[in-house]
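Analysis of the macromolecular model
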Amino acid sequence: MAGLGALPAAAQGDPVGGNGSTYYLNDEFSGSANTMFEYGSITDQVYFGDWDGDGSDTAMVQRGNQFFVRNSNSSGAADYSLSYGDPGDVVLVGDWDGDGVDTLTVRRGFTFYVKNSMESGVADTVINYGNPGDTVLVGDWNGDAIDTFTVRRDTTFYVKDSITSGVADYTFMYGNPGDSVLVGDWDGNLTDTLAVRRGITYFLRNSTTSGVADVEFGYGNPDDFAFTGDWNADSRDTIGVRRPPVYAPPAPTRPTGPAPAADVDCGDFSTHAQAQAWFAYYYPQYGDIAGLDADDDMTACEGLR
Ligand SMILES: [Ca+2]
Ligand SMILES: [Ca+2]
Ligand SMILES: [Ca+2]
Ligand SMILES: [Ca+2]
């Protein structure tokens, strides 16, 4: 195991959602944050995980099929980047092999392409689970240090304890159909369980069985976007929030459908501004499909300046 012998962190494996570049992490089930930092841009897709196996979960942003990883919960630039999957893929984060390091899985429909290293390359394991429209949660439901998938349908959770194709190992019910659901190891017993969030109130449960909340507390603002992880490497997961800017810009217009033909080049634009606008429109969904940014600095067609 990498790191200092700390227990593997168990972050929520889904994207954080929302917008904003300011993050408030809370190490207790209390009303006040312990840590605040800025990372990435306000429209980035953001994930939290333990990328270096030191026991604490930190941020990663996704732009196209590139992932920019930060290993500390402080303001600053990415420590490294990698590419995985295709631009527009939704990824899940977890420790699929129990080595204490969180890595990526690309989900396409009900097929999961599991990768066990934070390196560019092809999947290590491919499985099928659930239906294409299902909501999927990631956690270590049985305490064997390996994160696996649970499918949510309304208030029923279909738990699978291995990275294999097949039916659920068991099911349980929690919360209401419209609840926002979070995953974490709230009590430090090595198993992940659920919380639901209603406004600023969090209802934690410490077992994957049907029943009522064990812990209830309030944190943050109603328009925050909540996520979970172990911020201080004490092997207990707690809540963090992503706070929208005071004047949130409208969500950027995104292209839909298949990528456009990539036979565009810098000679097709008369100004740098036109080339940059074309690049900025397609890049988040499809990457640099036309090769306008040969030096990867996010500035297209420098020659037109
Ligand atoms: Ca791992
Ligand atoms: Ca497990
Ligand atoms: Ca637990
Ligand atoms: Ca913690």
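Keep in mind the model is a prediction, meaning the values are calculated, not measured.

Right, let's talk about the overall build of the protein chain for a bit. Of regular secondary structure, the protein chain possesses one helix and 20 strands. In terms of C-alpha radius of gyration, the protein chain reaches 20 Å, essentially the compact-globule figure of 19 Å for 305 residues. Projected onto the principal axes, the alpha-carbon positions of the protein chain cover approximately 65 × 40 × 40 Å. Residue burial in the protein chain is summarised as follows: out of 305 residues, 36% are buried. Long-range pairs, those at least 24 residues apart, make up 48% of the contacts in the protein chain with a sequence separation of at least 6.

What follows covers the environment of Thr156. Relative to the helices and strands, Thr156 is located in strand β13 (residues 156-159). With 14 C-beta atoms packed within 10 Å, Thr156 lands in the partly exposed category. The sequence separation of Thr156 and Ser32 amounts to 124 residues, and the corresponding C-alpha distance is 32 Å. Discounting chain neighbours no more than four positions away, the residues touching Thr156 are Thr171 and Met173.

Confidence along the protein chain averages 91 in pLDDT terms, with 94% of residues attaining 70 or more. Within the protein chain, the element-level pLDDT minimum falls on helix α1 (residues 272-286), averaging 88, and the maximum on strand β14 (residues 170-173), averaging 98. The low-confidence segment residues 1-10, where pLDDT is below 50, has 36 contacts with residues more than four positions distant or belonging to other chains.

Here we have four strands laid out as an open sheet, ordered β3-β4-β5-β6, and antiparallel in their pairing. Of all the strands in the sheet, just β3 (45-49) and β6 (80-83) have a single pairing partner and so form its edges. In this sheet, neighbouring strand axes are inclined to one another by 25° on average, regardless of whether the strands run parallel or antiparallel. Where strand β4 (residues 58-63) and strand β5 (residues 66-69) come together, four bridges link them in antiparallel fashion. Bridging from a neighbouring strand, Arg63 pairs with Gln66 of β5.

Bringing unusual backbone geometry into the picture now. Although it is not a glycine, Ala145 sits at a positive phi angle of roughly 75°. For Ala145, a count of 16 C-beta atoms within 10 Å corresponds to the partly exposed category. For Asp296, which is not a glycine, the phi torsion comes out positive at approximately 55°. Of note, Asp296 is situated in the segment after α1.

Here we come to the environment of Thr209. Residue position: Thr209 is located in the loop between β17 (201-204) and β18 (215-218). Residues Thr209 and Tyr170, 39 residues apart in the sequence, show an inter-C-alpha distance of 9.7 Å.

Here we come to the sheet that holds strand β10 (residues 125-128). Taken in spatial order, the four strands of this open sheet run β7-β8-β9-β10, and their pairing is antiparallel. In this open sheet, the two strands that pair with only one neighbour each are β7 (90-94) and β10. Direction aside, neighbouring strands of the sheet carry axes that sit 25° apart on average.

Moving on, we come to the pairing of β5. Counted along the chain from β4 to the antiparallel partner β5, the turn is two residues long, and its residue Gly64 has a positive phi close to 60°. Both β5 and β6 contribute to a ladder of four bridges, which runs antiparallel. From the neighbouring strand, Phe68 faces β6, where its bridge partner is Ser81.

Here the domain parsing of the protein chain yields domain 1 (22-243) and domain 2 (266-304). Between domain 1 and domain 2, the C-alpha centre-to-centre distance is 33 Å. Looking at the side of domain 1 that touches domain 2 residue by residue, the class counts come to one nonpolar, three polar and one charged.

Moving on to α1. Its 15 residues give α1 an end-to-end C-alpha distance of 20 Å, which sits within 8% of 21 Å, the value for a rise of 1.5 Å per residue. Among the residues making up α1, those that are buried are Ala275, Gln276, Phe279, Tyr282 and Tyr283. Count one or two residues on from α1 and you reach Gly287, which has phi positive near 80°.

Mapped onto the secondary structure, Asp179 falls in the loop between β14 and β15 (180-184). On the basis of neighbour counts, which here come to 17 C-beta atoms within 10 Å, the residue Asp179 falls in the partly exposed class. Residues Asp179 and Arg197 lie 18 residues apart in sequence; the distance between their C-alpha atoms is 6.4 Å. The contacts of Asp179, once residues within four sequence positions are left out, are Val196 and Arg198.

The rules behind each value
Residues numbered from 1 in each chain as written. Chains lettered and ligands numbered in written order. Predicted model: local features only at pLDDT ≥ 70, side-chain atom pairs only at ≥ 80, totals over all residues. Helix = DSSP H or I, 4+ residues; strand = E, 2+ residues; numbered from the N terminus. Rg over C-alpha atoms; globule rule 2.2 N^0.38 Å. Buried ≥ 20, exposed ≤ 12 C-beta atoms within 10 Å, placed from the backbone. Contact = placed C-beta atoms within 7 Å. pLDDT = per-residue confidence, 0-100. Pairing = 2+ DSSP bridges. Axes fitted to C-alpha atoms, helices over the stretch in contact; angles between N-to-C directions. Domains from an automatic or database assignment. Nonpolar A, V, L, I, M, F, W, Y, C, P; charged D, E, K, R; others polar. Expected span 1.5 Å × (residues − 1).

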